[in-house]
Structure formats: C-alpha cells, structure tokens
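Fold and geometry: a report
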Amino acid sequence: MSAVAWIAVGSLIAWVWLLLGQGFYWRTDQRLPRRTDPARWPSVAVVVPARDEAEMLPMSLPSLLLQDYPGDVRIVLVDDCSGDGTGQLARDLAARHGGFPLAVVTPGEPEPGWTGKLWAVRHGIAVARREKPDFLLLTDADIAHEPDSLRDLVAAAGSGGEGGFDLVSQMARLRVESVWERLVVPAFVYFFGQLYPFRRVNRARSRTAAAAGGCVLLRTGAAERARIPDSIRQAVIDDVSLAREVRRGGGRIWLGLADRVDSVRPYPRLADLWRMVARSAYAQLRHSPLLLAATVPGLLLVYVAPPATLTAGLLTGDGAAAWAGGAAWAVMTATYLPMLAYYRQSPWLGPLLPLTAVLYLLMTVDSAVQHYRGRGAAWKGRTYARPEAAPDR
C-alpha cells in the first residue's frame, strides 16, 4: 500500500477505537435521573462569582432568585472587582424581582497563587458556610436556570444509591445562533466529552473525573473534605480540578448534559470563541511542549487525514486510501451527529468537523504562543501564571 493509504488506515483504526473504546463519549443520553422528591428538602447556598457581568445578570440572576424550591435557599453573588456596576445591578434585580435572599459581597483583588474566579468562589463559600447549608450550588453569572432546575439537581444528588452523589454537574446548553457558534460550539462540547467521557466519569470507581463549572451542586461536607476551593486555587480549568479533588476525597460525582440550564453569553464572532478556547487550551496540555508536539500530529491524523486521504485517493486512483479515508470520515461524522441533534443543528454540519478541528488546533497553538509571551490564560483583564510559578500557602 502507499504511504497515503497507510495514513488513512491509521486514521480509521483510531476512529474505530474512539467509537468503541472511549467510553461511548459520543452518546448524549447522560441526563439527570428521573426526579424523586426527598422527604426533607435540604438547604442550599448558591454562589455566583461575577466580574463585569452587568450585561448577563438581567438574563440569569432572576432565574436563581425565583427558583421553585421548597427548601431554604440563600444566594451569594461575589462581585469580583467589577467596573460596570455588577454589584449594584444585582441588588437592584433582587429588589425588583424578590424571591430568595441575595447577599452581594466583594473579596478584593486575588492574593498571589489564586485565579480570579476561584478567589471569588472562596470568598462566596466562606460567606455561605455561615448558614451551614447542606449543599453549595456553584453557578456562573451567565447561566440561566429553569424554575425547577434546583429541585432537579438536589433530587439527583439523592438518587445515587447509598449516600447519594457528592457532586452533580450539568454541562449548560451553550448559545448557538450565529454562524460561528453553530460551527464551533457543538464541537466544543463534543471534544470535551471525548476527553472526559460522561459515562466513564459517572462510574463509581472510575479514575476519570470532570465537571462543568457553570452548574455544580456540591455537598458542603464533600467540599470541606476536599478543601474546595483552596486545594485547586491555582487551577485555570477549575471545574475538572474540582471534580478530581472531590473524587480523590472519596466523593461520588455525576456529570451530564443539561436540558433546562442554558448559557446566555453570546459568542457571535470567531474572535470571541477563539478567546474562550485559547485561554485554557494550553493549560489542558499542562503547559507541556512535549504534549503539544504530540497533540498537533495526533489531531491531524484523527481529524484532517480522513478527508485529505479520501481526496488524494480519488485524485490518484488509490482505492485503499480512498476507501479507508472515506470510512474514517464517515465514522467521525456519525459520532458527531448526536451532539448536533442535542444542539438542534443540521446534520449537514457533521462532515465539517475536520474544519472545526483545524480551528481548535490553531487555537491550541495560539494558546501556547500566548503563554510563552506571558499572556497565557488571560481572562477579563487578568493573566495567570503557570501553576508551578504560584506560591504555596
């Protein structure tokens, strides 16, 4: 066989393995268990870190204030040194809509060794613990919850057998309205599931741990045992780090796709999505040049080789290359279709996954370049050091 045919066969083997051996990551059926109401609804403290979120809060905060939850709920919004009136707007929305009590607190600038969001979460959890809640709901300022969202989360936490789940997290449905959002966003969740297959995460003794930071319900006792958030204070990808620490502390975790929790933040331009991905892509590779050097040819083999070898095989009459490349592309597309269906997008976007993968590859390389220029992991005016550069406390 030709070299092109061998590349095509290698890609096909990789896709068969991904299809059958990577925790059935492509399935989208990991949803909250059917709700069984507890005899007593536990108390919940909602912690919302917010930095310059005045545009998002009118669409998200009322959904928390007006939750249809029969237990005690208190909301702590942490105004993380915002310059757009986030804190005052939150107070105004609470006065206008009523509902559960809201406290707005300000922690000041992060201490060395802390990322901004986790510094805000630390302050919010400290305030929330004064009331000794049974659960903490960590949710972002751009996440809108349907009225029964908290009921579903708490009921799900009690459904995991003896003792229930210590962490229940839902991957909020991201906005897909612009052309770029339709091309990039479903693939973002697809790639996340490929790295952290939800079914594998949800196995009791699995070593794979992950969460979706926009919506995390966490037992207060589990948070204390895992020293959350102090134990992950340097993390850029804080949701995955949080889940790992909870599991390391003996906690049971569950992760799935959301039906009634939505992100309201728009990413209308490619530049907006590029920043979202690039800010943490190199951190996902642990800031390792070796992992980056392995990732680039790996992604090219898995995602770019199928259409490239199919085209080359058809043009040169190389039947083996065309057949293997076409089969790999077909398997790739088939695994992407369930995610497109979840996002209510056209299946015709499926064959474009190689193009989206190239964009993600370029975002990852750019993330590494920005890191070595001292501008890596930048978000809302802050740039974070490499974890090993942060001092211990």
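Each value, and the rule that gives it
Residues numbered from 1 in each chain as written. Predicted model: local features only at pLDDT ≥ 70, side-chain atom pairs only at ≥ 80, totals over all residues. Heavy atoms only, no water. Pairing = 2+ DSSP bridges. Helix = DSSP H or I, 4+ residues; strand = E, 2+ residues; numbered from the N terminus. Phe/Tyr/Trp six-rings, centres within 6.5 Å; stacked < 30°, edge-to-face > 60°. Buried < 20%, exposed > 50% of the residue type's maximum accessible area, 1.4 Å probe, protein only. Core = buried A, V, L, I, M, F, W, Y, C linked by side-chain atoms within 4.5 Å. Domains from an automatic or database assignment. Contact = heavy atoms within 4.5 Å. pLDDT = per-residue confidence, 0-100. Lys, Arg positive; Asp, Glu negative; His and termini not counted. Salt bridge = Lys/Arg side-chain N within 4 Å of Asp/Glu carboxyl O. Polar contact = N/O pair within 3.5 Å; in protein donor to acceptor, adjacent residues only side chain to side chain. UniProt positions renumbered as here; feature names shortened; annotations may be inferred. Buried area = accessible area lost by both parts, 1.4 Å probe. Nonpolar A, V, L, I, M, F, W, Y, C, P; charged D, E, K, R; others polar.

As annotated in an unreviewed UniProt entry, the protein chain is Glycosyl transferase from Streptomyces griseus subsp. griseus.

Moving on to the pairing of strand β3 (residues 102-105). Relative to β3, strand β2 (residues 73-79) is paired through four bridges, and the arrangement is parallel. Paired with Val 78 across the two strands is Val 105, which belongs to β3.

For the rest of this paragraph, the subject is the packing of aromatic side chains. How two aromatic rings sit relative to each other is set out by the distance from centre to centre and by the angle between their planes. Summed over the entire model, instances satisfying the criterion amount to 13 aromatic pairs. Relative to Trp 26, the ring of Phe 24 has its centre 5.9 Å away and its plane inclined at 70°; by these criteria the two rings are edge-to-face. Centre to centre, the rings of Trp 41 and Tyr 69 are 5.3 Å apart; their planes meet at 75°, and the pair counts as edge-to-face. With Trp 41 in the loop between α1 (3-21) and β1 (44-50) and Tyr 69 in the loop between α2 (57-65) and β2, this residue pair connects regions lying 28 residues apart in the sequence. Taking relative accessible area as the criterion, Tyr 69 reaches 6% and is therefore assigned buried. Joined through ring pairs, the aromatic side chains of Trp 15, Tyr 25, Tyr 190, Phe 191, Tyr 303, Tyr 336 and Tyr 360 make up one cluster.

One finds Trp 15, Val 44, Leu 137, Tyr 190, Leu 217 and Tyr 303 to be the most contacted residues of the largest nonpolar core, which totals 117 residues. When residues of this core are assigned to domains, at least three map to each of domain 1 (1-22 + 270-372) and domain 2 (42-266). Setting aside chain neighbours within four positions, we find Leu 137 in contact with Val 44, Ala 45, Val 46, Val 47, Leu 64, His 145, Leu 150, Leu 153, Cys 215, Val 216 and Leu 217.

Of the residues in the protein chain, 95% reach a pLDDT of 70 or more, and the chain-wide mean stands at 93. In this model, residues 387-393 is a region of pLDDT below 50 whose contacts with residues beyond four sequence positions or in other chains number 14 contacts.

Along the chain, Arg 74 turns up in strand β2. With a relative accessible area of 35%, Arg 74 lands in the partly exposed category. Expressed as a C-alpha distance, the spacing of Arg 74 and Ala 45, which sit 29 residues apart in the sequence, is 4.9 Å. Residues within four places of Arg 74 in sequence aside, it is in contact with Val 44, Ala 45, Val 46, Pro 101 and Glu 131.

Here we come to the side chain of Arg 200. Considering the arrangement of structural elements, one finds Arg 200 in helix α7 (residues 198-201). Buried Arg 200, no salt bridge; nearest opposite-charge side chain is Asp 29, N-O distance 13 Å. Within the local environment of Arg 200, its side chain forms a polar contact with the backbone oxygen of Gly 21, the two atoms lying 3.2 Å apart. When residues no more than four places from it in sequence are discounted, the contact partners of Arg 200 are Gly 21, Gln 22, Gly 23, Ser 206, Thr 208 and Arg 247.

Glancing now at the UniProt feature "transmembrane region" (unreviewed entry) in the protein chain. Here, UniProt's "transmembrane region" (unreviewed entry) annotation points to residues 6-26, 289-308, 320-341 and 348-365. The straight-line gap between the two end C-alpha atoms of residues 320-341 is 32 Å; of that span, 100% is helix and 0% is strand.

This brings us to the domain arrangement of the protein chain. According to the domain assignment, the protein chain consists of domain 1 (1-22 + 270-372) and domain 2 (42-266). Look at where the C-alpha atoms of domain 1 and domain 2 centre, and you get two points 31 Å apart. Taken together, the contacts link 30 residues of domain 1 with 27 residues of domain 2. The contact between domain 1 and domain 2 buries some 2,600 Å² in all, and 66% of this surface belongs to carbon and sulfur atoms. By the criterion of area lost to domain 2, the three top residues of domain 1 are Gln 22, Tyr 342 and Tyr 343, representing 26% of everything that side buries. Where domain 1 packs against domain 2, one counts zero salt bridges. There are 13 residue pairs in polar contact (both at pLDDT 80 or more) connecting domain 1 and domain 2. Of all elements in the fold, only α1, α10 (270-284), α12 (319-342) and α13 (353-372) reach the threshold of two or more residues within the side of domain 1 that touches domain 2. It is α10 that provides the largest number of residues to the side of domain 1 that touches domain 2, a total of eight residues. Residue composition of the side of domain 1 that touches domain 2, grouped by class: 21 nonpolar, seven polar and two charged.

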